[in-house]
2 protein chains.
Amino acid sequence: MSDPLRLGIAGLGTVGAGVVKIVRQKAALLEARSGRPIAVSAVSARNRDKDRGVPLGSYAWEDDPVSLAARDDVDVFVELVGGSDGPAKASVEAALKAGKDVVTANKALLAHHGQALAELAEANDCVLRFEAAVAGGIPVIKALTEGLAANEITRVMGVMNGTCNYILTRMENGGLTYAEAFAEADALGYLEADPELDVGGIDAGHKLALLSSIAYGTQVDFDNVELEGIGRIRIEDIRQACDMGYKIKLLGVCRLSGRGLEQSMSPCLVPATSPLGQLDGGTNMVVIEGDQVGQIVMRGAGAGEGPTASAVMGDVMDIARGTRVTTFGAPASKLVKAQHSRAATPAPYYLRMALADKPGALAKVASALGEAGVSIHRMRQYDHVNEAAPVLIVTHKTTRAALDVALAAFPATGVVVGEPVALRIEAV
Amino acid sequence: MSDPLRLGIAGLGTVGAGVVKIVRQKAALLEARSGRPIAVSAVSARNRDKDRGVPLGSYAWEDDPVSLAARDDVDVFVELVGGSDGPAKASVEAALKAGKDVVTANKALLAHHGQALAELAEANDCVLRFEAAVAGGIPVIKALTEGLAANEITRVMGVMNGTCNYILTRMENGGLTYAEAFAEADALGYLEADPELDVGGIDAGHKLALLSSIAYGTQVDFDNVELEGIGRIRIEDIRQACDMGYKIKLLGVCRLSGRGLEQSMSPCLVPATSPLGQLDGGTNMVVIEGDQVGQIVMRGAGAGEGPTASAVMGDVMDIARGTRVTTFGAPASKLVKAQHSRAATPAPYYLRMALADKPGALAKVASALGEAGVSIHRMRQYDHVNEAAPVLIVTHKTTRAALDVALAAFPATGVVVGEPVALRIEAV
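Residues numbered from 1 in each chain as written. Chains lettered and ligands numbered in written order. Predicted model: local features only at pLDDT ≥ 70, side-chain atom pairs only at ≥ 80, totals over all residues. Heavy atoms only, no water.

(A) Main features of the overall build of chain A. Broken down by element type, chain A carries 14 helices and 16 strands. Relative to the compact-globule value of 22 Å for 428 residues, chain A shows a C-alpha radius of gyration of 24 Å, a close match. Referenced to the eigenvectors of the C-alpha coordinate spread, the extents of chain A come out at roughly 80 × 45 × 35 Å. Residues counted as buried form 59% of the 428 residues belonging to chain A. Excluding contacts between residues fewer than 6 apart, the proportion of contacts in chain A whose partners are at least 24 apart in sequence is 73%. In the structure as shown, chain A presents an accessible area of about 15,500 Å², 49% of it carried by carbon and sulfur atoms. (Helix = DSSP H or I, 4+ residues; strand = E, 2+ residues; numbered from the N terminus. Rg over C-alpha atoms; globule rule 2.2 N^0.38 Å. Buried < 20%, exposed > 50% of the residue type's maximum accessible area, 1.4 Å probe, protein only. Contact = heavy atoms within 4.5 Å. Areas by Shrake-Rupley, 256 points an atom, 1.4 Å probe, with all protein chains shown as cover.)

(B) Broad picture of the UniProt feature "active site" (unreviewed entry) in chain A. All names here are of chain A. Taking the UniProt record as the reference, the feature "active site" (unreviewed entry) is found at K207. Judged by relative accessible area, which is 5%, K207 ranks as buried. Filtering out sequence-adjacent residues up to four positions away, K207 remains in contact with K107, A133, V134, A135 and M160. (UniProt positions renumbered as here; feature names shortened; annotations may be inferred.)

(C) Up close: the relation of the copies chain A and chain B. When chain A is fitted to chain B, the best match, at an RMSD of 0.0 Å, comes from turning it 180° and sliding it 0.0 Å along the axis. The superposition operator between the copies reduces to a two-fold rotation axis. By residue overlap, the copies meet face to face through one surface: 100% of the interface positions of chain A are interface positions in chain B. (Least-squares fit on C-alpha atoms with pLDDT ≥ 70 in both.)

(D) Region of the structure containing the pairing of strand β15 (residues 388-395) of chain A. Residues and elements named next belong to chain A. Within β15, 7 of the 8 residues are buried, which leaves the element mostly enclosed by the surrounding structure. Where strand β14 (residues 376-381) meets β15, 5 bridges bridge the pair, whose relative direction is antiparallel. Paired with M379 across the two strands is I393, which belongs to β15. The hairpin formed by β14 and β15 contains 6 residues between the paired strands, and N386 there has a positive phi angle of roughly 50°. (Pairing = 2+ DSSP bridges.)

(E) View of unusual backbone geometry. Residue and element names in this part refer to chain A. A positive phi angle, near 55°, is found at D125, a position not held by glycine. Looking at the secondary structure, you find D125 in the loop between α5 (107-123) and β6 (128-129). Assessed through its relative accessible area of 68%, D125 is described here as exposed.

(F) Geometry of the UniProt feature "binding site: NADP(+)" (unreviewed entry) in chain A. Residue and element names in this part refer to chain A. Cross-referencing UniProt, the feature "binding site: NADP(+)" (unreviewed entry) maps to A10, G11, L12, G13, T14, V15, G16 and A17 in the present numbering. Considering the arrangement of structural elements, one finds L12 in the loop between β1 (5-10) and α1 (14-25). Residues contacting L12, with those up to four places away along its chain left out, are A17, V20, V43, S44, A45, R52, L56 and W61. We classify T14 as exposed; its relative accessible area is 53%.

(G) Spatial organisation of helix α10 (residues 202-216) of chain A. Residue and element names in this part refer to chain A. Taking 1.5 Å as the rise per residue, α10 with 15 residues should run 21 Å; its terminal C-alpha atoms sit 21 Å apart, in good agreement. In terms of burial, α10 is largely enclosed, as 14 of its 15 residues are buried. Following α10 by one or two positions, G217 has its phi on the positive side, about 65°. (Expected span 1.5 Å × (residues − 1).)

(H) Structural context of the packing of helix α6 (residues 140-147) of chain B against helix α10 (residues 202-216) of chain B. All names here are of chain B. Orientation of α6 relative to α10, taken along the N-to-C sense of each, is 15°, at an axis distance of 9 Å. In terms of their interaxial angle, α6 and α10 are classed as roughly parallel. Pair α6 / α10 crosses with left-handed handedness. For the pair α6 and α10, contact is made by V140, I141, L144 and T145 and by L211, I214 and A215, respectively. A per-class count over the contact of α6 with α10 returns 6 nonpolar, 1 polar and no charged. (Axes fitted to C-alpha atoms, helices over the stretch in contact; angles between N-to-C directions. Parallel < 35°, antiparallel > 145°, perpendicular 65-115°, else oblique. Left-handed = near helix turned anticlockwise from the far one by under 90°. Nonpolar A, V, L, I, M, F, W, Y, C, P; charged D, E, K, R; others polar.)

Given below as structure tokens:
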């Protein structure tokens, strides 16, 4: 019998406790499938006395995750502390420097420090795995890094924040306003302590940055993810989209073209009958398109104890088997700094704005669009509400740059009330 | 720089040629991602002179795949010959005995000889991988064997024969009869030389048997897959299913319970709004349910040059990286012979039959069902056609065994014309 693979688990929240439970309750299964027993040596968390629903007394306890990371009886450091810096970063660095393999669920850490940590891992002949950081239980990192490795990836898309999808679904199915749906999600405990991480698209943007590094062999570049949250979506937008055969999703898209790497996490219209359009509620979906494989769609729970612990343990079991994969699917030294390109791929856009009740208002807007080279596919004007008329426009394919020229010209028209909403229509 | 990993490719049909193209055209990508150059040393096929759209002159040629398998300049034997026995089996055995790793797309071979080949691979310290054998480009073997390895799998379902799904979709959307849709699929070249492999569910049944071995740690047991083809589905069945909110799919289902291992590949009703219900055309879908992860859905192309070659190369690149995974996810010696259980899990069933124009006919059928312990949820009788009245029944949850007792009693009623169609309604 092989020696057990010994885990040190930092962070005993829901996921950490879930990992301990799996190790304790499924010992025979884990050993049969990975070829080696898997055991916990030591753990670390802030509160030692809290009942976590699983016995912890047989494990050594470290108050400081950095001390845990360097213990001689730890082969794999499992980082479930969270946060892009502080103890999470310090302990992962300590583990790698001590020659330990690392498994983490920390998207923020990798989105901000992925390149440096990948280099550190490789310098120390360690692996650094993070399946649980992206789309919870869906084994999408493995699919992209390994299963689809023979493909040039042409596009990756994802709905990767269940809370946002829940809010948008409730607005649509329940007829709730954004504020009502947000309050409902909050009451259900779906929101992060800082809700902007969810509804501002930051959490999902972290995930997209990791996927795009693997897809394109580029250094993780979260700062160049175009982020736009769902806070300006109104129920009218959802209804209008529906009328045109679309759904609105907080959609991550990355693609690499001659213009550079495009990464965006923003509300988009997608065809209602597409797998992304049919994704209701808190579920996640990632769509990977490759030159050989065509389109692969993966769907599952994006959060929660079981799904996240499943992903963590998948990585641990790979390490137990002896599988060694580079952090982002290619040696860190070969990852290139991508040239950033802001949504340069032409797409149709959906625009909603309010026009003042003045003669020629619509003509002025149409003219501003035309001068920017944006042509109109459809336009509708509705009855006045508070002396402003809601106007909806669907453009023909245009670049975001051209659209921005038009949007910048709107204030000077003197007829556009408030700020227009502009949403890309993504062909999927 | 590492030594190249050298492939010997047996079988130069569409997929074989696709693999050669990827190796030739993506050398830098493959090396960056797998850490090692990948090259072709030698090939084998029946016809040496055929133009396969890719230069082959630089590779050694073996007329016999068995000779190819044993060549000193081959590290990985790629079997794309096909067929459950004959040269495919002989060459894979020869490769393993010679200590070569094997990658194959051959579901029939593994469905019939998987256990023996897995034992042979392990006895020779070789890996035997077969991602391309199941659901084409979808990396589902990897997901089940590795990514979801910490889960006890509760159910695996799949639509894994694109031709059948195409036929059923055309019947539904195009209003074609089964014969018309079959003829259309044939004209498009979608059918195997022996169409029964497709429409009889055999090809998809092979795939299911492989998935269930991995899911449950059991020896591949294709002989105990309950097979039923789509040839008896009528357009009325599709329309009735649609009226009740269902679609008919050739669905593979495996689950392990206290009663044993259930494996079936048969036309089933699934909710129209579920991902399986929404799967139109030639696309494949596999649904994996685990105790930790919940439900994971994977969708993509199930056949074709690019998708299949993508899967073959994913396995090759794993081997290049040094990844060693057991054939069915656990050591072959630990795979158990499953006790077989025929659809013992209760489910509602859809029944269609024709009743003779005699007084009390419906009562006799209802009585036969009742005596078998099958209770009726809904029943509809339609206008007589050729002196027989079509009758549709949806039962409450029942076992297939109880239903079979009722079906066996139907002839004695003297009122059931022809053979009834019975389709399980699978909750998904």
